[in-house]
Amino acid sequence: MKPQTPTLVDVATRAGVSTATVSRCLNYPDKVTARTRAKVMATVAELGYSPNFGARAMATQRTNTIGAIIPTMENAIFARGLQAFQEELVTLGFNLMVASSSYQREREVAQVRSLVARGADALLLIGHIRDPEIYRFLDAQQVPSLVTWTFDQAHPRPSIGFNNRTAMRDMAREVLKLGHRRLAMIAAPLARNDRAQGRLDGLKDAMQEFGLNPDDLNIVEMPYGIENGAEGFETVMGQGQPTAVFCGNDVLAVGALRRARELGLDVPGDVSIIGFDDIELSQVTYPMLTTVHVPHREMGKQAAHALVRHLVDGVPITSMELKTELRLRASLAKPPLPPQR
């Protein structure tokens with residue numbers, strides 16, 4: 001005879017609590033004392049209880065699942081923030097579904113529809129620029145969304161992130177203060193990427209402040225990747241010999257550092273290299289990489305709380321700007337002295 005599947009009532013009876021308490025432990029663990037939560041979860045494990053997902057979704061009109069669409073899983077750019085996002089969702093009783101668009105417009109549209117069809121209560125999106133069809137669809141389905149990895153108070157869609165333009169402008173000012181005037185940038189493809197465009201604009205802002213013509217900036221667009229960073233570095237070094245090369249993120253910068261060594265160039269003696277993101281890789285390069293520290297984990301945590309508060313308590317999602325910090329490390333120094341005649 002097939003054993004009877006344990007029920008919510010069975011868990012409550014064995015643990016000596018109400019069914020409402022069991023439900024809170026499973027769905028909103030932060031609203032239950034640690035002692036009660038430990039007792040209930042031990043009973044859940046002992047009985048082998050699994051919530052009836054379909055019944056719960058029908059009763060609450062929620063699946064307690066949030067979807068996230070990131071541009072790529074091929075490098076560590078989004079890993080730390082997404083990890084913090086998931087960790088916080090779990091503590092709040094929610095699950096995470098993740099998809100990658102590979103920076104392709106049509107794929108993001110399909111993934112939004114797919115995640116909503118699979119019951120995503122809300123979506124986490126990267127950057128503001130995307131096909132307008134996505135926002136029309138989400139509005140029609142009444143699925144809330146939150147934008148991260150950028151901050152734009154003027155945009156009608158809420159965002160929790162940082163100002164890419166301001167962050168790169170602050171870094172560029174430090175580089176220019178050291179005396180660098182021949183600059184180049186290895187940027188991510190700029191089309192439909194407000195984060196990459198913001199970083200480029202920030203560099204141009206600083207150049208203008210220091211009396212330089214932004215149109216003189218040597219720009220090479222390369223997809224994110226170490227090999228692409230190496231290729232981009234070799235290209236810009238052959239076009240005017242810059243003394244400082246800015247990279248759209250740390251992955252490109254690591255490639256640039258590698259190619260500099262292969263070309264026999266000293267960093268920072270011959271050329272300074274600057275990244276963006278402060279992923280862990282930036283601290284183990286040689287020399288250690290000067291970069292912009294992005295508050296990845298805080299961004300993920302705050303995004304999770306904002307979405308869950310909205311879904312559970314109806315609290316409106318509001319924009320929040322997080323601060324970046326400069327990490328001035330060994331890959332940056334004063335420009336080399338011009339050769340004596």
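Residues numbered from 1 in each chain as written. Predicted model: local features only at pLDDT ≥ 70, side-chain atom pairs only at ≥ 80, totals over all residues. Heavy atoms only, no water.

Can you help me understand the packing of aromatic side chains in this one?
The relative placement of two aromatic rings is captured by the distance of their centres and the angle of their planes. With the rule as written, the count across this model stands at 3 aromatic pairs. Judged by centre distance (5.0 Å) and plane angle (70°), the ring pair of Phe78 and Trp149 falls under edge-to-face. Highlighted residues: Phe78 in the loop between strand S1 (65–70) and helix H5 (79–91) and Trp149 in the loop between strand S4 (145–148) and strand S5 (159–161), separated in sequence by 71 residues. Assessed through its relative accessible area of 5%, Phe78 is described here as buried. (Phe/Tyr/Trp six-rings, centres within 6.5 Å; stacked < 30°, edge-to-face > 60°. Helix = DSSP H or I, 4+ residues; strand = E, 2+ residues; numbered from the N terminus. Buried < 20%, exposed > 50% of the residue type's maximum accessible area, 1.4 Å probe, protein only.)

Would you mind showing me how to read the nonpolar core here?
When a protein is soluble and globular, its nonpolar side chains tend to lie buried together. Core analysis: the biggest nonpolar cluster contains 74 residues, and Ile66, Phe85, Leu203, Phe233, Val245, Phe246 and Ile273 have the highest contact counts within it. Per element, the largest residue contribution to this core is 7 residues, and it comes from helix H12 (residues 296–313). Contact partners of Phe246, with chain neighbours within four places excluded, come to Met168, Met171, Ala172, Val175, Leu183, Ala184, Met185, Ile186, Leu203 and Ile274. Among the nonpolar cores identified, the runner-up in size contains 15 residues, and Val112, Leu115, Val116 and Tyr135 belong to it. (Core = buried A, V, L, I, M, F, W, Y, C linked by side-chain atoms within 4.5 Å. Contact = heavy atoms within 4.5 Å.)

What is the right way to read helix H10 (residues 226–237) from this model?
Between its terminal C-alpha atoms H10 stretches 17 Å, which fits the 16 Å expected from 12 residues at 1.5 Å a residue. Among all positions in H10, only Gly229, Ala230, Gly232, Phe233, Val236 and Met237 are buried. Looking down the long axis of H10, one finds its buried residues gathered within 165° of arc, a one-sided arrangement. Those residues of H10 that are buried are in contact with strand S6 (183–187), strand S7 (218–221), strand S8 (244–247), helix H11 (250–262) and strand S9 (272–274). (Expected span 1.5 Å × (residues − 1). Arc of directions from axis to C-beta.)

Can you walk me through the pattern of salt bridges in this structure?
Where charged atoms from two side chains of opposite charge approach closely, those side chains can pair. Going through the model one piece at a time under the given rule, you end up with 21 salt bridges. The residue Arg165 makes a salt bridge to Asp205 at a minimum N-O spacing of 2.7 Å. Here Arg165 is found in helix H8 (residues 164–177), whereas its partner Asp205 is found in helix H9 (residues 194–209), with 40 residues between them in sequence. Residue classification places Arg165 among the partly exposed residues on the basis of a relative accessible area of 37%. Across the pair Glu262 and Arg258 runs a salt bridge whose closest N-O atoms are separated by 3.3 Å. Remark: Arg258 and Glu262 occur in helix H11; sequence separation between them is 4 residues, near one turn of the helix. Through salt bridges with shared partners, a single ionic network connects Glu227, Glu234, Arg258, Arg259 and Glu262. (Salt bridge = Lys/Arg side-chain N within 4 Å of Asp/Glu carboxyl O.)

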